[in-house]
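Structural characterization, general
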Amino acid sequence: MAQHNLGSALQSLGELQADTALLRQSIAAYRKALQKRTRREVPIKWAMTQSNLGNALCTLAQHLSGTDLVKEAIAA
């Protein structure tokens, strides 16, 4: 839960400041949270983290060129 909350805080700050480094840290925190929040064990929390990860990836993609992040966001 701590990694998910950290990801949320970093994502919010990264969006407010248009800071790609903070958005990348947010994405890393969400991914770390997903190592414990598995779909099998806690499906609702897993889905919430996946959704937030997708949003963070999408936000980061808006600041960078290319489509890889958009594809990752869609997958999340």
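Here is a short report on the structure shown in this document. (Residues numbered from 1 in each chain as written. Predicted model: local features only at pLDDT ≥ 70, side-chain atom pairs only at ≥ 80, totals over all residues. Heavy atoms only, no water.)

**Re helix α2 (residues 20-36)**
Compared with the 24 Å implied by 1.5 Å per residue over 17 residues, the 25 Å span of α2 between its first and last C-alpha is a close match. Considered for burial, the residues of α2 that qualify are Leu 22, Leu 23, Ser 26, Ile 27, Ala 29, Tyr 30, Ala 33 and Leu 34. For α2, the arc enclosing every buried residue in end-on projection is 160 degrees, short of the 170-degree limit, so these residues lie on one face. Along its buried surface, α2 packs onto α1 (2-17) and α3 (43-63). (Helix = DSSP H or I, 4+ residues; strand = E, 2+ residues; numbered from the N terminus. Expected span 1.5 Å × (residues − 1). Buried < 20%, exposed > 50% of the residue type's maximum accessible area, 1.4 Å probe, protein only. Arc of directions from axis to C-beta. Contact = heavy atoms within 4.5 Å.)

**Focus on the pattern of salt bridges**
All told, the structure shown has one salt bridge when counted by the stated rule. Notably, a salt bridge pairs Glu 72 with Arg 31, separated by 2.3 Å at the nearest N-O pair. Highlighted residues: Glu 72 in helix α4 (residues 68-75) and Arg 31 in helix α2, separated in sequence by 41 residues. (Salt bridge = Lys/Arg side-chain N within 4 Å of Asp/Glu carboxyl O.)

**Topic: the packing of α3 against α4**
Where α3 contacts α4, the axes come no closer than 8 Å and their chain directions differ by 165 degrees. When the axis of α3 is compared with that of α4, the two are roughly antiparallel. Between α3 and α4 lies a crossing whose hand is left-handed. The residues of α4 that touch α3, namely those facing Gly 54, Leu 57, Cys 58, Leu 60 and Ala 61, are Leu 69, Val 70, Glu 72 and Ala 73. For the contact of α3 with α4, the class distribution of residues is seven nonpolar, one polar and one charged. (Axes fitted to C-alpha atoms, helices over the stretch in contact; angles between N-to-C directions. Parallel < 35°, antiparallel > 145°, perpendicular 65-115°, else oblique. Left-handed = near helix turned anticlockwise from the far one by under 90°. Nonpolar A, V, L, I, M, F, W, Y, C, P; charged D, E, K, R; others polar.)

**Focus on the side chain of Ser 26**
Summarising the element assignment, Ser 26 is placed in helix α2. Aside from chain neighbours lying at most four places away, what touches Ser 26 is Gly 7, Leu 10, Gln 11 and Ala 56.

**Quick look at the nonpolar core**
In terms of nonpolar packing, the biggest core is built from eleven residues, these being Leu 23, Ile 27, Tyr 30, Leu 34, Leu 53, Ala 56, Leu 57, Leu 60, Ala 61, Leu 69 and Ala 73. Counting residues per element, the ones that place at least two in this core are α2, α3 and α4. With five residues, the top contributor of residues to this core is α3. (Core = buried A, V, L, I, M, F, W, Y, C linked by side-chain atoms within 4.5 Å.)

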